[in-house]
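Summary of the model geometry
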Amino acid sequence: MSASQTSDAPTLLVKIFGKDRPGLTAGLFDTLAAYSVDVVDIEQVVTRGRMVLCALVTVPPSGLEGDLRATVHSWAESVKMQAEIISGIGDNRPRGLGRSLVTVLGHPLTAESTAAIAARIAATGGNIDRIFRLAKYPVTAVEFAVSGVETEPLRTALVTDAAALGVDIAVVAAGLHRRAQRLVVMDVDSTLIQDEVIELFAAHAGCEAEVAEVTAAAMRGELDFEQSLHARVALLKGLDASVVDKVRAEIRLTPGARTLIRTLKRLGFQVGVVSGGFTQVTDDLKERLGLDFAQANTLEIVDGRLTGKVVGDIVDRAGKARLLRRFAAEAGVPLAQTVAIGDGANDLDMLNAAGLGVAFNAKPVVRQAAHTAVNFPFLDTVLYLLGVTREEVEAADTQDDPH
């Protein structure tokens, strides 16, 4: 029977539910096969060892429906399952225009916040078609497939309330692009790593307080990034170049950073970093982590000592966005397929230019301006925003483990 014939033909929704174990799906369809029915749709869910299996099938030849119903119920009872059979017409109703994927991260994910999210989706005119758990730790991550409302108004409605609900929410358009190759570009200081590199250098120069004061002035808006960069680097004048190796050794990667990069590379994604810090550090990170791109400012070193100057083009707020576009062009990835991750106002242009901008443990002004925010201290939670499950990450790690 063709799809057009099925659209207005009688159908039966056969549902079985109970304790899951091998062979139940095969058993149900073996039972149905005796009545020459066609399968229109199937859905199966297992939660904590309990299975719900739904099969939408065509009605059997005249006079056999009653026998089919009795046989299915008898089979279900024999395998200690329950069965329900509902008559209807045709297939599922068509999904509404506008399809999005809503990823919710909670630690914990409460019933209250889930109710609020579902209510807000309904209020926008959206319908929840499916819910799927992506991860249970270090956070609970679930994905809602929503139809009937365009992505942007849905994002606006949900992301605004995320902080108040104690969850992080990302909303992206559904479609084939979800599986396409992507480029992920990260900030470095307080994103890929836990440290601020200029402060590590300042500690060796004994000028931490002075650097902190310049940083504070920049935060107050008294200096722009370039002015503050030059002012802070000037305080490092005369420092022995051997300090570079010491700073590299002191850097602490953010928890989950290696998992994030390793998994992205396995997926065939390209990964880069842009930083208002220094190439003396980012070049080392690129080599250690197998990154595809890295760009930052460069400390000038003459006769084995820092001169207190930087050389080359300055990587500032606008520069980060330009580099994102350049990396995307070099990677052959459309800008819409890029993901940018950062924590500071200096990252905002890059976050807004990317297809998905993620504010990572960011200040409120950055969280509000980005497409989505992650407020958990694990960088690999970004994987869930891309639809990657925890089980997939762990399975890939196991396959690569020689033991």
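Residues numbered from 1 in each chain as written. Predicted model: local features only at pLDDT ≥ 70, side-chain atom pairs only at ≥ 80, totals over all residues. Heavy atoms only, no water.

Labelled according to an unreviewed UniProt entry, the protein chain appears under the name phosphoserine phosphatase, originating from Streptomyces lannensis. According to its UniProt record, the protein chain has this under Pathway (unreviewed entry): "Amino-acid biosynthesis; L-serine biosynthesis; L-serine from 3-phospho-D-glycerate: step 3/3." Turning to the protein chain, the UniProt record has this under Sequence similarities (unreviewed entry): "Belongs to the HAD-like hydrolase superfamily. SerB family." (UniProt positions renumbered as here; feature names shortened; annotations may be inferred.)

**Here we look at the side chain of T58**
Secondary-structure assignment places T58 in strand β3 (residues 50-58). Within polar-contact distance, the side chain of T58 engages the backbone nitrogen of D38 at 2.8 Å. (Helix = DSSP H or I, 4+ residues; strand = E, 2+ residues; numbered from the N terminus. Polar contact = N/O pair within 3.5 Å; in protein donor to acceptor, adjacent residues only side chain to side chain.)

**Thoughts on the packing of helix α2 (residues 24-33) against helix α3 (residues 65-78)**
Relative to each other, α2 and α3 sit at 155°, their axes nearing to 10 Å. By the angle between their directions, the pair α2 and α3 is classed as roughly antiparallel. Judged by the sense of rotation from one axis to the other, the crossing of α2 with α3 is right-handed. Here L24, G27, L28, T31 and L32 of α2 lie close against α3, whose contacting residues are L68, T71, V72 and W75. For the contact of α2 with α3, a count of residues per class yields six nonpolar, three polar and no charged. (Axes fitted to C-alpha atoms, helices over the stretch in contact; angles between N-to-C directions. Parallel < 35°, antiparallel > 145°, perpendicular 65-115°, else oblique. Left-handed = near helix turned anticlockwise from the far one by under 90°. Contact = heavy atoms within 4.5 Å. Nonpolar A, V, L, I, M, F, W, Y, C, P; charged D, E, K, R; others polar.)

**Some words on the UniProt feature "domain: ACT" (unreviewed entry) in the protein chain**
According to UniProt, the feature "domain: ACT" (unreviewed entry) maps to residues 13-91 in the numbering used here. This span, residues 13-91, is 30% helix and 42% strand, and a straight line between its end C-alpha atoms measures 10 Å.

**Overview of the nonpolar core**
Ranked by size, the top nonpolar core spans 62 residues in total, and within it M186, L192, F201, F278 and I341 carry the most contacts. Counting residues per element, this core draws most heavily on helix α6 (residues 197-205), at five residues. Core analysis: the second largest hydrophobic core is formed by 22 residues, V274, A340, L351 and V366 among them. (Core = buried A, V, L, I, M, F, W, Y, C linked by side-chain atoms within 4.5 Å. Buried < 20%, exposed > 50% of the residue type's maximum accessible area, 1.4 Å probe, protein only.)

**Regarding the pairing of strand β6 (residues 127-135)**
Here seven bridges tie β6 to strand β7 (residues 140-147), and the two strands are oriented antiparallel to one another. Bridge pairing in β7 links F132 to E143. Where β6 hands over to β7, the hairpin turn is made up of four residues, counted between the paired strands. (Pairing = 2+ DSSP bridges.)

**Quick word on the pairing of β7**
Summarising burial for β7: seven of the eight residues are buried, a large majority. Two elements, strand β5 (residues 99-106) and β7, share eight bridges in a ladder whose sense is antiparallel. Counted as the bridge partner of R99 is S147 from β7.

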